[in-house]
Amino acid sequence: DVKVTQSSRYLVKRTGEKVFLECVQDMDHENMFWYRQDPGLGLRLIYFSYDVKMKEKGDIPEGYSVSREKKERFSLILESASTNQTSMYLCASRAHRDGYTFGSGTRLTVV
Amino acid sequence: EDQVTQSPEALRLQEGESSSLNCSYTVSGLRGLFWYRQDPGKGPEFLFTLYSAGEEKEKERLKATLTKKESFLHITAPKPEDSATYLCAVKATDNAGGTSYGKLTFGQGTILTVHP
């Protein structure tokens, strides 16, 4: 089975900190995605990548950036964390024509 | 803009009481409709993919169906372990008619609680 691993289950960061969320997949998938999930708003796409060093903005990219230096790793960066970025962050990867495989999620709290 | 609406927002059932969850969608060109199950504090777990109207998929007590405007997730004789949030998502063509790198648009989910 495909495995998508997110480095942290829970994080607490201070306002203004630079935050890195890491995601690793083990099945050589080309497409990887970062979503955030909030009550009442569902899952919203932040960024996605369709190849190494390639990235595209999703629906809510403001305040975020991403990095994909290797095919298996896709990082989400909060340049200067703010309280409105407190959320559950979900990473996913996908093979052609298949549905996503999600990681377990990182619950980030910005104080 | 692609839109996905799920109903009801929450559903409470007694064990053994069958019911259905609805997912209505508006997309420029449907390339796939996906159902996921999500347990509290965990990432969504893939259940089904449906590609064309009339298609049906089954897994244990779950059956997913698809029409040109909506999908249903039928739950037959549910058990307490079926309690979870069920998410629906669509994959659409991009403006040029290609596949938009597999981006999915999600509904807000239906929270299902099955009481013993």
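Residues numbered from 1 in each chain as written. Chains lettered and ligands numbered in written order. Predicted model: local features only at pLDDT ≥ 70, side-chain atom pairs only at ≥ 80, totals over all residues. Heavy atoms only, no water.

**Digging into unusual backbone geometry**
All names here are of chain B. Cut-off, in case you're wondering: Each helix is a run of DSSP H or I of at least 4 residues and each strand a run of E of at least 2, with the numbering of both proceeding from the N terminus. Residue burial is assigned from relative accessible area. The probe radius is 1.4 Å, only protein chains are included, and a residue is buried under 20% of its type maximum, exposed over 50%, and partly exposed in between.
For the peptide bond that leads from S7 to P8, omega is -10°, which places it in the cis range. Here P8 shows up in the loop between β1 (3-7) and β2 (10-14). Of note in the backbone geometry, E60 takes a positive phi value of approximately 55° without being a glycine. With respect to the secondary-structure elements, E60 resides in the loop between β6 (56-59) and β7 (62-66). On the basis of relative accessibility, which here comes to 71%, the residue E60 falls in the exposed class.

**Brief notes about the sheet that holds β6 of chain B**
All names here are of chain B. The condition is simple: Note: two strands are recorded as paired if DSSP finds a minimum of 2 bridges between them. For helices, the axis comes from a line fit to the C-alpha atoms of the stretch in contact; other axes are also lines fit to C-alpha atoms, and the angle between any two N-to-C directions lies between 0 and 180 degrees.
Strand order in this open sheet of five strands is β1-β3-β8-β7-β6, and the pairing throughout is antiparallel. Edge strands, defined here as strands with exactly one partner in the open sheet, are β1 and β6. Across the sheet, the mean angle separating the axes of adjacent strands is 15° when strand polarity is ignored. Bridging between β6 and β7 involves four bridges; their strand directions are antiparallel. Directly across from K57, in β7, lies its bridge partner A64.

**Focus on the nonpolar core**
Our working definition: We call a set of buried Ala, Val, Leu, Ile, Met, Phe, Trp, Tyr and Cys residues a nonpolar core when their side-chain atoms join them within 4.5 Å.
Grouped together as the largest cluster of nonpolar side chains are 22 residues, with contacts concentrated most on L33, W35, L73 and Y86 of chain B. Breaking this core down by element, the ones donating at least two residues are β2, β3 (19-26), β4 (30-38), β5 (45-50), β7, β8 (70-75), β9 (84-93) and β11 (110-115) of chain B. Ranked by residue count, the leading element in this core is β9 of chain B, at four residues. Counting 20 residues, the second-largest nonpolar core is a separate cluster that includes L11, V19, I46 and I60 of chain A.

**A short note on the interface of chain A and chain B**
Which entries qualify depends on this criterion: For this analysis, residues touch if any pair of their heavy atoms sits within 4.5 Å. Once two parts are brought into contact, the accessible area they lose, counted with a 1.4 Å probe and summed over both, makes up the buried area. Salt bridge criterion: a side-chain nitrogen from Lys or Arg within 4 Å of a carboxyl oxygen from Asp or Glu. Lys, Arg, Asp and Glu make up the charged group, whereas Ala, Val, Leu, Ile, Met, Phe, Trp, Tyr, Cys and Pro make up the nonpolar group; the residues left over, Gly among them, are polar.
Counting from both sides, the interface comprises 22 residues of chain A and, opposite them, 19 residues of chain B. Around 1600 Å² of area is buried between chain A and chain B when both sides are counted, 56% of it from carbon and sulfur atoms. Connecting chain A to chain B are zero salt bridges. When residues of the side of chain A that touches chain B are traced back to their parent elements, those giving at least two are β4 (31-38), β5 (42-51) and β9 (87-94) of chain A. Per-element tally for the side of chain A that touches chain B: the top contributor is β5 of chain A, with five residues. Split into classes, the residues belonging to the side of chain A that touches chain B amount to 11 nonpolar, seven polar and four charged.

**Some details on the sheet that holds strand β8 (residues 73-78) of chain A**
Residues and elements named next belong to chain A. Taken in spatial order, the four strands of this open sheet run β1-β3-β8-β7, and their pairing is antiparallel. In the strand order of this sheet, the two ends are held by β1 (4-6) and β7 (64-70), each with one partner. Neighbouring strand axes in the sheet, compared pairwise and without regard to direction, differ in orientation by 20° on average. Alignment of strand β3 (residues 19-25) against β8, held across six bridges, turns out to be antiparallel. Looking at the pairing, V24 lines up with R73 of β8.

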